[in-house]
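Take a look at the letters that make up each chain.
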Amino acid sequence: MHIAVSYVLRRDTLSKKCWAVIGFAGELFHFLTCKMKNGQKHESLMQKYVKILVVVSLYWFCSIGLVFLNKYLLSSESLKVLPLSFIFVVMIATNNLCLEYVGVSFYYVGRSLTTVFNVVCSYIVLGQVTSLKATLCCALIVGGFLLGVDQEDAAGTLSVSGVVYGVAASLFVALNAIYTQRTLPSVGDSIAQLTLYNNMNALVLFLPVMLFTGDISEVFYFPHLSSLRFWTLMTLSGILGFLMSYVTGWQIQITSPLTHNISGTAKAAVQTVIAVLWWREIKPLLWWVSNVVVLSGSVAYTMVKRKEMVDKYGTNKFKLTENSEQQSMLSGFNNENERV
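Residues numbered from 1 in each chain as written. Predicted model: local features only at pLDDT ≥ 70, side-chain atom pairs only at ≥ 80, totals over all residues. Heavy atoms only, no water.

By the naming in an unreviewed UniProt entry, the protein goes by Sugar phosphate transporter domain-containing protein and is assigned to Setaria digitata. As recorded by UniProt, the Subcellular location (unreviewed entry) comment attached to the protein reads in full: "Membrane". (UniProt positions renumbered as here; feature names shortened; annotations may be inferred.)

A. Spotlight on the overall build of the protein. Scanning the protein from N- to C-terminus turns up 12 helices and 0 strands. For the protein, the succession of helices and strands along the chain, N to C, is α-α-α-α-α-α-α-α-α-α-α-α. Counting across all 340 residues of the protein, residues that qualify as buried make up 28%. Surface accessibility of the protein: about 22,700 Å² in total, with carbon and sulfur atoms responsible for 70%. (Helix = DSSP H or I, 4+ residues; strand = E, 2+ residues; numbered from the N terminus. Buried < 20%, exposed > 50% of the residue type's maximum accessible area, 1.4 Å probe, protein only. Areas by Shrake-Rupley, 256 points an atom, 1.4 Å probe, with all protein chains shown as cover.)

B. Structural context of helix H5 (residues 114-126). Looking only at H5, the buried set comprises Thr 114, Thr 115, Val 116, Phe 117, Asn 118, Val 119, Cys 121 and Ser 122. Once H5 ends, the next one or two residues include Gly 127, with phi positive near 75°.

C. Looking closely at the UniProt feature "transmembrane region" (unreviewed entry) in the protein. Mapped onto this numbering, the UniProt entry gives "transmembrane region" (unreviewed entry) at residues 49-69, 81-108, 120-146, 158-179, 200-222, 228-249, 261-279 and 285-304. Across residues 120-146, helical content stands at 81% and strand content at 0%; the span's end C-alpha atoms are separated by 18 Å.

D. Geometry of the nonpolar core. Among the nonpolar cores identified, the biggest contains 24 residues, and Phe 106, Tyr 108, Phe 145 and Tyr 301 are the most heavily contacted of them. Listed by contribution, the elements that provide at least two residues to this core are helix H4 (104-110), H5, helix H6 (132-154), helix H7 (160-183), helix H11 (257-278) and helix H12 (285-339). Tallying contributions element by element places H6 first for this core, with 6 residues. Each residue touching Phe 106, except ones within four places of it in the same chain, is listed here: Gly 148, Val 149, Glu 152, Val 163 and Trp 287. (Core = buried A, V, L, I, M, F, W, Y, C linked by side-chain atoms within 4.5 Å. Contact = heavy atoms within 4.5 Å.)

E. A look at the packing of helix H3 (residues 77-101) against helix H8 (residues 191-213). Put simply, H3 and H8 touch, their axes get as near as 8 Å, and they point 65° apart. Of the two elements, H3 crosses H8, and the hand of that crossing is right-handed. Listed contacts from H8 to Glu 77, Ser 78, Val 81, Leu 82, Leu 84, Ser 85, Phe 86, Phe 88, Val 89 and Ile 92 of H3 are Gln 193, Leu 194, Tyr 197, Asn 198, Asn 199, Asn 201, Ala 202, Leu 205 and Phe 206. Here the residues of the contact of H3 with H8 sort into 12 nonpolar, 6 polar and 1 charged. (Axes fitted to C-alpha atoms, helices over the stretch in contact; angles between N-to-C directions. Left-handed = near helix turned anticlockwise from the far one by under 90°. Nonpolar A, V, L, I, M, F, W, Y, C, P; charged D, E, K, R; others polar.)

F. Structural detail: the packing of H8 against helix H10 (residues 228-254). Closest axis-to-axis distance for the H8/H10 pair is 9 Å, and the angle between their directions is 135°. Classified by the interaxial angle, the pair formed by H8 and H10 is oblique. As H8 packs across H10, the resulting crossing turns out to be right-handed. Across from Ile 191, Ala 192, Thr 195 and Asn 199 in H8, the residues of H10 making contact are Phe 242, Ser 245, Tyr 246, Gly 249, Trp 250 and Gln 253. In the contact of H8 with H10, the residues fall into 5 nonpolar, 5 polar and no charged. (Parallel < 35°, antiparallel > 145°, perpendicular 65-115°, else oblique.)

G. Main features of the confidence of the model for the protein. Per-residue confidence for the protein averages 78 on the pLDDT scale, and 76% of its residues sit at or above 70. Averaged pLDDT values for the elements of the protein fall to 46 in helix H1 (residues 2-37) and rise to 94 in H6. Long-range and interchain partners of residues 1-19, a stretch whose pLDDT sits below 50, account for 3 contacts in this model, where long-range means more than four residues apart. (pLDDT = per-residue confidence, 0-100.)

H. Highlighting the packing of aromatic side chains. Counted according to the given criterion, the structure contains 5 aromatic pairs. A ring pair is formed by Tyr 246 and Trp 250, whose centres lie 6.2 Å apart and whose planes are at 55°; its orientation type is tilted. Taken together, the residues Tyr 246 and Trp 250, both in helix H10 and 4 residues apart, mark about one turn of the helix. Since its relative accessible area comes to 46%, Trp 250 is described here as partly exposed. Where Trp 287 meets Trp 288, the ring centres are 5.0 Å apart and the plane angle is 85°; that geometry is what we call edge-to-face. An aromatic cluster of at least three residues, connected via ring pairs, comprises Phe 222, Phe 230 and Trp 231. Geometry around Tyr 179 places Arg 182 over its ring, the cationic atom sitting 5.4 Å from the centre. (Phe/Tyr/Trp six-rings, centres within 6.5 Å; stacked < 30°, edge-to-face > 60°. Lys NZ or Arg CZ within 6 Å of the ring centre and 35° of its normal.)

I. Seen up close, the pattern of salt bridges. Applying the stated criterion across every chain yields a total of 3 salt bridges. Two residues, Glu 308 and Lys 305, come together in a salt bridge whose shortest N-O distance is 3.6 Å. With a gap of 3 residues between them, Glu 308 and Lys 305 both fall in helix H12, about one helical turn apart. Judged by its relative accessible area of 27%, Glu 308 falls in the partly exposed class. (Salt bridge = Lys/Arg side-chain N within 4 Å of Asp/Glu carboxyl O.)

Set out below in structure tokens:
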């Protein structure tokens, strides 16, 4: 810990010195440039030498600094966070695409398979086996999801693309929770550090995605690119997104991936009610039943898993106490034999 703190302090000191050098060089270059603009039509030989020295020094500094920075990035925790960042990028993309094709009110049901995928991914990634009761709860969630899709189709507002993206989003939300918990020890259980590395990696990973989908050209020709209102909303969205990333990791850290997913499901249920009231939508009875079924399945799953955790804790505690008593008895028996 002391070594890590010392390294951070040394790195911060080095960064301050580097920025001081850049600032001095920039000021010197600015001074010389302004002096030329203010009346000197011809540079003196000394001014040319100084300008060349400044430019060459900046080139050396940027080039060498870039090499060392890349070496640091390639050998640091950012690579350990990279698998999580891939999942994070796909999760964000599929979530937004799902929301683009479906309404906010159906967004909850469209992404309700997160708990189901959490069970599947926990078995594949972590090797955790789920009990029969928990599996039946997942079946209830799947039934509610299918009923919700059917009701959306009956209302004529079903988007197949939205459903596909919703299922994909559910999968990657579950994977994100699992890999967040697995990756946290790699960064010293620091949520802030994990969030920083994850967002920096995602910033780079989103560029090829934008290039592949053609969104980069869309950005340049976007009609509201110079709108203050647009940039205000974008900035607010970015701030909330960053905070959401931090709070998500924090929630997973202090609870578990399962609790995080259940919390998200409950939040989405409240979100659905707010969306229906906000847009004054009229939904049939079976549509509401599908939401209730999904929520009931999620709650039942939580109760089953909680009971299993309590039982497991009690069993482990009993075994630990029993082993301690046996060791005490054996120790006392050995002491008596030694005395005899």
